[in-house]
Structure formats: C-alpha cells, structure tokens
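# Summary of structural features
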Amino acid sequence: MSMSSSTGTTPPDLLFVLVHDGGLAPDGPDLLAPLSDALRHHYPNAAQMALHAPLRDATGRCVWWPSPEPSPEGLEAALPGLIQRVRAEAALLDLPWQRVALAGLGDGALMALEAVQAEPALAGRVMGFAGGYLARPTHAPQDVCIHLMHGLADARFPYRRVVDAAQALVSLGADVTADLLPHLDHGLHPALIEKAMGQLRNFIPAKLWREAVLAAQEEERAARQ
C-alpha cells in the first residue's frame, strides 16, 4: 500500500483509492500512474491511496487470489483486507464514505466493484477500467455511482460481460454508466481516463435529481399558498 496526500494546505476533501491489477511483477511499472496524474490535476485537494495485490504466485507476480482465475472463494478471502484499508484511511482523513471513490484496473476493477457489492456505505463512486464483476450483480449498492470504462477489443475481459452487468444494474435501480470505446484492447488507455474524468465531473446521481425535483415541487406548493 502507498499513500499520496493532497497537494493543498487544507485537509483533503476526497479520497481516491486506486486498486491495481493482479498478475504484475513486484518491480513492474505503475500502470495506474496516468489515472493518478489526471485525478491530481482535476482534484488537487484530494488524497490518493494505492492498493496492490498482496499475494505472490509461483512466478513472483503479485495477485489478489491464489488460484489462476478469480473465484468466489478467492474473492471472499481478498475483500476483507481491501475493505479494512479503505475504511481505516477514510477514518484517518475524517472523510465520510460518500467522499471516497474506488478506481480499479483489470482484477483491481473486479475488486473495487465487488467491494461495494459486499460492503454497504464503503464508497460513493467506483470507476472500473478494463474489468468487471465476477458474477452478474443481483442487487444495487445503495447510493453508489458505478462508472465502467472498457475497450471493445478487450480479449482478456470481453465487453459483453460489462454490458450484461450494466444492464443488470440499471434494472436494479443503480446509478451506472458504461463507456465502451472501439479498437481499444485490455489496459488503461488515455481515452478511458478522459471518459472517467467526464463522468466524475458531469454525472448527477439519481438521488440528487429526486431531491431537486422534490425541492422544486415544495417551492411550487409554497408559492401557491
């Protein structure tokens, strides 16, 4: 785990937790560095925390679960540590869970998405890049905005699984966006990061829309009296 504090002099107003992909060499490049830079540019007073897969396989690569592929058992074993770290860092920064956002790449996206499915009130937003759910969601995480960014040429995690999950979440009443970009293979491409920054800036959760409508209706009733 590594921590990067905000660049301002005031306490951080947001926490971005960057969840790295599994299957990387311990001394490999920081694949989430471009996302970290973009977040730092758009949210200079936000804190960042990077979470890396804690296990090593037989070749020395960092992985989230001991099995070659993610499984329900592996996910159940891996999630508590991630959840504990996120909660501890938010508490240290004195930030409510709504001010926490998770962002993951590949297996890290799976971890981030499944974490808010398993643990209520953990984060207010999740950004999943080139990854998705282990299984089709059966419930919508309450008051969480889900943003999925994926390449249509991704052979490691086919985009159809992302579409299926997004459709399931919509039917369950979740706040979800899915941006599928042509010609992009598996990875964190600049175009995906650009889409994510746009969603963070412009997407308005349904809860806020409902609150705005109710407020407008109340003002209209008051004006009639």
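Everything quoted here is computed from the prediction, not taken from an experiment.

Looking at where G124 falls in the secondary structure, it is placed in the loop between helix 3 (107-118) and strand 7 (125-129). The residues touching G124, leaving out its near neighbours within four places in the chain, are W97, Q98, V100, D143, V144 and C145.

Another point: the packing of aromatic side chains. Enumeration according to the criterion identifies 1 aromatic pair in this entry. Both rings, one in F16 and one in Y43, keep their centres 5.4 Å apart while their planes meet at 50°; by these two values the pair is tilted. With F16 in strand 2 (residues 14-19) and Y43 in the loop between helix 1 (33-42) and strand 3 (46-51), this pair connects stretches of sequence that are 27 residues apart. For the pair formed by F16 and Y43, the shared burial category is buried.

Let's shift gears to the packing of helix 1 against helix 5 (residues 190-202). Contact geometry of helix 1 with helix 5 gives a least axis separation of 10 Å together with a crossing angle of 35°. Between helix 1 and helix 5 the crossing geometry is right-handed. Along its contact with helix 1, which presents P34, L35, A38, L39 and H42, the element helix 5 presents I193, M197, L200 and R201. Split by residue class, the contact of helix 1 with helix 5 holds 7 nonpolar, 1 polar and 1 charged.

Counting buried positions along strand 7 gives 5 out of 5 residues, so the element sits mostly inside the fold. Of the two faces of strand 7, the one lined by R125, M127 and F129 and the one lined by V126 and G128 are each fully buried. Bridging between strand 6 (residues 100-105) and strand 7 involves 5 bridges; their strand directions are parallel. Looking across to strand 7, one finds that G104 is bridged to G128. Following the chain from strand 6 across helix 3 to the adjacent parallel strand 7, one finds a crossover that is right-handed. With 5 bridges connecting them, strand 7 and strand 8 (residues 145-151) associate as parallel partners. In the sheet register, G128 faces strand 8, and the bridge partner there is L148.

Quick look at helix 4 (residues 159-171) now. For helix 4, which comprises 13 residues, the first-to-last C-alpha distance of 19 Å matches the rise-based estimate of 18 Å (1.5 Å per residue) to within 8%. Listed in full, the buried residues belonging to helix 4 are V162, A165, A166, A168 and L169. Taken down its axis, helix 4 places every buried residue within 160° of arc, on the same side. The outward face of helix 4, more than 90 degrees from its buried face, is lined by the exposed residues R160, V170 and S171.

Rules used in this analysis
Residues numbered from 1 in each chain as written. Predicted model: local features only at pLDDT ≥ 70, side-chain atom pairs only at ≥ 80, totals over all residues. Heavy atoms only, no water. Helix = DSSP H or I, 4+ residues; strand = E, 2+ residues; numbered from the N terminus. Contact = heavy atoms within 4.5 Å. Phe/Tyr/Trp six-rings, centres within 6.5 Å; stacked < 30°, edge-to-face > 60°. Buried < 20%, exposed > 50% of the residue type's maximum accessible area, 1.4 Å probe, protein only. Axes fitted to C-alpha atoms, helices over the stretch in contact; angles between N-to-C directions. Left-handed = near helix turned anticlockwise from the far one by under 90°. Nonpolar A, V, L, I, M, F, W, Y, C, P; charged D, E, K, R; others polar. Pairing = 2+ DSSP bridges. Right-handed = clockwise from strand over helix to strand, strands pointing away. Expected span 1.5 Å × (residues − 1). Arc of directions from axis to C-beta.

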